[in-house]
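What follows is each chain in one-letter form.
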Amino acid sequence: MLRNATGGLAGRIGRAGRFLCIPLFAALLVSCAAPGPTDSSTAEDQPELVFPPPPETPRFVFERTILGSADITEEDSEDKWRRILTGEVDDSTGFSKPFDVEACQGRIYVSDTVRRSVMIFNVPTGEFKEIGLDEPGVLRKPLGMAVDSDCNLYVVDGTLKRIVVYDQDGDFLSAFGGKDKFQRPTHVDVDTDARYAYVVDTGGVNTEEHRIRVFDIATGELAFDIGHRGTESGEFNLPKDIAIGPDGRLYVVDSSNFRVQVFESDGTYVHTFGSIGVQPGQFSRPKGVDTDPEGNVYVTDAAFGNFQIFNPEGQLLLFVGSRSTSPGAAKYMLPAGIAVDEDGRVYMVDQFFRKVDIYRPAAIGAADGFLGATATTY
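None of these values were measured; they are calculated from a predicted model.

Peer 1: If you had to explain the confidence of the model for the protein chain to someone new, which residues and values would you point to?
Peer 2: For the protein chain, mean pLDDT is 88; residues scoring 70 or higher make up 81% of the total. When the criterion is pLDDT under 50, residues 20–31 qualifies, and its contacts beyond four places in sequence or with other chains add up to 33 contacts. In this model, residues 33–43 is a region of pLDDT below 50 whose contacts with residues beyond four sequence positions or in other chains number 27 contacts.

This is the structure in structure tokens:
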């Protein structure tokens, strides 16, 4: 995943001792957040939704929600008045069951397992398109995704059991893998040089192939494997997602062992953080993971309805969001994929509410970064 920072996280977040926001009744794992709006827009008379809430120094600001193409595409005045006069229905394309999200240079990519496509939201240009609907880059069940430094997109197809590669605009480039290579592929990440693709093979309850399969991108050949089923260090039980930090280390969500395991790029085990529980820093249903330009680790939890942020050593810095049966800003029922872009913005998918929420580092303005050009239209 792309890891070129435009500013240090020290300026945006601070060290762990000043970053942590843990409420008294932490076992409930409710959100550390100030009251805020319940829809995707922020009215001028409403306070910003920030994390952590006052009197702590804000580190992240809830910025917007994307529900479909209408949140990105621009409608000119002629189209708007035609709809008003004729009663035409807006033909916005919305999510059916979003799974993962990626972002690169203002483009937001969202995989949707029901639509069998990846939706591309080009925020700076206001353009929208779907890919994966046609050969040769057809998708049957798009799952986890990654982008490289050129914004090429890598998509796991869980049905065809392969990795499909597109350029930044969604044009097909190549594919590798195949049904003889995986038990149940779910996620992928690529290293900085786009030399290797690290694919999570989640496996199943009756299989031992719970592992990371590493492919040479240039040749499409399997290079080596990391791990197998088990509970010891370096072993996995239904791994779900993987992220490569700026130092090249691998961060793997080992879901049924309720932890994140850290490896060197060659598969050498480094350390583990997290455990099962309801306290901050623990996990109940960990799913997605990504890292930011300074190596901090973001992990979604479907049971808690939030994402937790850890430093590279596994110390909890902050958690954002809360579980809810009603939709709203920073409210989640079934969070899944997560991504952090070059500017430090965080994108999180909720499958139940069929949305992507976006958070901005408090130290950068709404008009800054790749999404900043359209900030006034939020």
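Read on, since the account is not over.
Peer 1: Explain the sheet that holds strand 11 (residues 185–190) residue by residue, including any values.
Peer 2: With respect to topology, four strands assemble into an open sheet ordered 11-12-13-14, the strand pairing being antiparallel. Looking at strand neighbours, the two that pair on one side only are strand 11 and strand 14 (222–226), the edges of this open sheet. Taking the axes of each pair of neighbouring strands and ignoring which way they run, one obtains an average angle of 25 degrees across the sheet.

Peer 1: Help me get a handle on the pattern of salt bridges, residues and values and all.
Peer 2: Side-chain pairing between opposite charges can occur once the charged atoms of the two side chains come close. With the rule as written, the count across this model stands at eleven salt bridges. For R345, the salt bridge goes to E63, with nearest N and O atoms at 2.8 Å. Of this pair, R345 sits in the loop between strand 25 (335–340) and strand 26 (346–350) while E63 sits in strand 2 (residues 60–66), and the two are 282 residues apart along the sequence. With respect to class, R345 is no different from E63; both count as buried. Between K181 and D180 there is a salt bridge, with its nearest N and O atoms 3.3 Å apart. Exposure remark for D180: the relative accessible area of 63% places this residue in the exposed category. Because the salt bridges share partners, they merge into one network encompassing E48, E63, R345 and R360.

Peer 1: Which residues make up unusual backbone geometry, and what values go with them?
Peer 2: A negative phi holds for most residues other than glycine; trans holds for most peptide bonds. Here the amide bond leading from P54 into P55 is cis, since omega sits at 10 degrees, within 30 degrees of zero. Of note, P55 is situated in the loop between strand 1 (50–51) and strand 2. Here the amide bond leading from E135 into P136 is cis, since omega sits at 5 degrees, within 30 degrees of zero. Topologically, P136 is positioned in the loop between strand 6 (127–131) and strand 7 (142–147). Here the phi dihedral of L238 falls at roughly 55 degrees; this positive angle occurs in a residue that is not glycine.

Peer 1: Go over the sheet that holds strand 7, please, and point to the residues and values.
Peer 2: Strand order in the open sheet formed by four strands is 7-8-9-10, and the pairing between neighbours is antiparallel. Two strands close off the open sheet at either side, each with one partner strand: strand 7 and strand 10 (172–177). Neighbour to neighbour, the strand axes of the sheet diverge by 20 degrees on average, direction disregarded. One ladder, built from five bridges, connects strand 8 (residues 153–157) with strand 9 (residues 162–166); its direction is antiparallel. Directly across from Y154, in strand 9, lies its bridge partner V165.

Peer 1: Tell me about the side chain of D100, and please be specific about residues and values.
Peer 2: Turning to its location among the elements, D100 is positioned in strand 3 (residues 98–104). No salt bridge is formed by the buried D100; the nearest opposite charge belongs to K287, separated by 10 Å. In this structure the side chain of D100 is engaged in a polar contact, spanning 2.8 Å, whose partner is the backbone nitrogen of M145.

Peer 1: An account of the layout of surface pockets is needed here, citing residue identities and associated values.
Peer 2: Size it by volume and the second largest pocket reaches roughly 340 Å³. Taken together, 17 residues make up the lining of the second largest pocket; nearest its centre are F99, L143, R184, T186 and K240. Among the elements of the structure, strand 11, strand 15 (239–244), strand 19 (286–291) and strand 25 are those that each provide at least two residues to the lining of the second largest pocket. For the lining of the second largest pocket, the leading source of residues is strand 11, giving three residues. Among the residues forming the lining of the second largest pocket, the class breakdown is four nonpolar, seven polar and six charged.

Peer 1: Which residues make up the environment of G230, and what are the values?
Peer 2: By the element assignment, G230 lies in the loop between strand 14 and strand 15. Residue class for G230 comes out buried when judged on its relative accessible area of 16%. Counting along the chain gives 20 residues from G230 to H210, while the straight-line C-alpha distance between them is 8.4 Å. Setting aside chain neighbours within four positions, we find G230 in contact with E235, F236, N237, N257 and R259.

Peer 1: Let's hear about the environment of D341: which residues, and what values?
Peer 2: You can see D341 is positioned in the loop between strand 25 and strand 26. In sequence terms D341 and A103 are 238 residues apart; their C-alpha atoms lie 5.6 Å from each other. A polar contact is formed between the side chain of D341 and the backbone nitrogen of R345, at a distance of 2.9 Å. Reaching out from D341, the side chain makes a polar contact with the side chain of Y347 at a distance of 2.6 Å.

Cut-offs and rules
Residues numbered from 1 in each chain as written. Predicted model: local features only at pLDDT ≥ 70, side-chain atom pairs only at ≥ 80, totals over all residues. Heavy atoms only, no water. pLDDT = per-residue confidence, 0-100. Contact = heavy atoms within 4.5 Å. Pairing = 2+ DSSP bridges. Helix = DSSP H or I, 4+ residues; strand = E, 2+ residues; numbered from the N terminus. Axes fitted to C-alpha atoms, helices over the stretch in contact; angles between N-to-C directions. Salt bridge = Lys/Arg side-chain N within 4 Å of Asp/Glu carboxyl O. Buried < 20%, exposed > 50% of the residue type's maximum accessible area, 1.4 Å probe, protein only. Lys, Arg positive; Asp, Glu negative; His and termini not counted. Polar contact = N/O pair within 3.5 Å; in protein donor to acceptor, adjacent residues only side chain to side chain. 1 Å grid on protein atoms, 1.4 Å probe; cavity = no way out; pocket = protein on both sides within 12 Å on 5 of 7 lines; lining within 4 Å. Points joined across faces, edges and corners; volume = space filled by probe spheres on them. Nonpolar A, V, L, I, M, F, W, Y, C, P; charged D, E, K, R; others polar.

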